[in-house]
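# Results of the structural survey
Here is how the chains run, residue by residue.
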Amino acid sequence: MSLQQNSAAVAAARAHVEAWSKRDYDKAREGLADDVWVTVIAANPNFPKTDLNGVEAYMQGLIQFADGIVPGSTEVVEAVGDDKQALLTVNTRVKYGPDAPEMDAPGARMYVLDGNGKITIEHVLFFLS
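Only a predicted model underlies this, so the values are computations on that prediction, with no experimental measurement involved.

## Section: the overall build of the protein
Along the protein, the regular secondary structure elements total three helices and eight strands. Reading the helices (α) and strands (β) of the protein from amino to carboxyl end gives α-α-β-β-α-β-β-β-β-β-β. Its C-alpha radius of gyration of 14 Å places the protein within 12% of the 14 Å reference for a compact globule of 129 residues. C-alpha extents for the protein along the principal axes are approximately 45 × 30 × 25 Å. Scored against the burial criterion, the 129 residues of the protein give a buried share of 39%. Considering only residue pairs separated by 6 or more positions, the protein has 55% of its internal contacts joining residues 24 or more positions apart. For the protein, the exposed surface amounts to about 7,300 Å²; the carbon and sulfur share of it is 53%.

## A word on the side chain of S21
Mapped onto the elements, S21 comes out in helix α1 (residues 8-21). Judged by its relative accessible area of 16%, S21 is buried. At a separation of 3.0 Å, a polar atom in the side chain of S21 contacts the main-chain carbonyl oxygen of E18.

## Digging into the pattern of salt bridges
Considering all chains together, one arrives at six salt bridges under this definition. A salt bridge links R93 to E102; the shortest N-O distance between them is 2.9 Å. Look at R93 and you get partly exposed, because its relative accessible area is 27%. Its salt-bridge partner being R93, residue D104 comes within 2.7 Å of it at the nearest N-O pair. Here R93 lies in strand β5 (residues 93-94) and D104 lies in strand β6 (residues 103-104), a separation of 11 residues in the sequence. Each member of the salt-bridge network shares a partner with another, and the members are R93, E102 and D104.

Conventions adopted
- Residues numbered from 1 in each chain as written.
- Predicted model: local features only at pLDDT ≥ 70, side-chain atom pairs only at ≥ 80, totals over all residues.
- Heavy atoms only, no water.
- Helix = DSSP H or I, 4+ residues; strand = E, 2+ residues; numbered from the N terminus.
- Rg over C-alpha atoms; globule rule 2.2 N^0.38 Å.
- Buried < 20%, exposed > 50% of the residue type's maximum accessible area, 1.4 Å probe, protein only.
- Contact = heavy atoms within 4.5 Å.
- Areas by Shrake-Rupley, 256 points an atom, 1.4 Å probe, with all protein chains shown as cover.
- Polar contact = N/O pair within 3.5 Å; in protein donor to acceptor, adjacent residues only side chain to side chain.
- Salt bridge = Lys/Arg side-chain N within 4 Å of Asp/Glu carboxyl O.

See the structure below:
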């Protein structure tokens with residue numbers, strides 16, 4: 001199948017990003033397979049690596065990240081995929097604490113969907129300096 005900007009996987013990934021960026025955690029959870037696996041790494045070696053399995057662990061990590069998002073700052077810059085996989089580049093701004101500075105958190109997110117259209121794998125790469 002050819003890659004498309006509006007494929008089924010891209011639509012599912014975009015809906016997921018929109019949900020967590022608006023802190024709609026119930027909607028974000030709806031898009032996950034029970035056995036979802038997420039890995040997160042950053043270009044900065046001081047950024048902690050994440051490797052989580054299962055919906056509860058995934059949501060705990062997602063909420064930690066998304067609670068720091070500056071409202072309205074998340075933007076899907078580019079997206080491509082097919083029926084089962086999607087690759088998105090996403091820009092967002094984050095602020096973790098009242099005295100912390102706002103910072104850009106651009107990243108790439110690769111999604112794999114199961115046969116029910118649920119996210120079963122998500123790999124995230126952040127470019128944080």
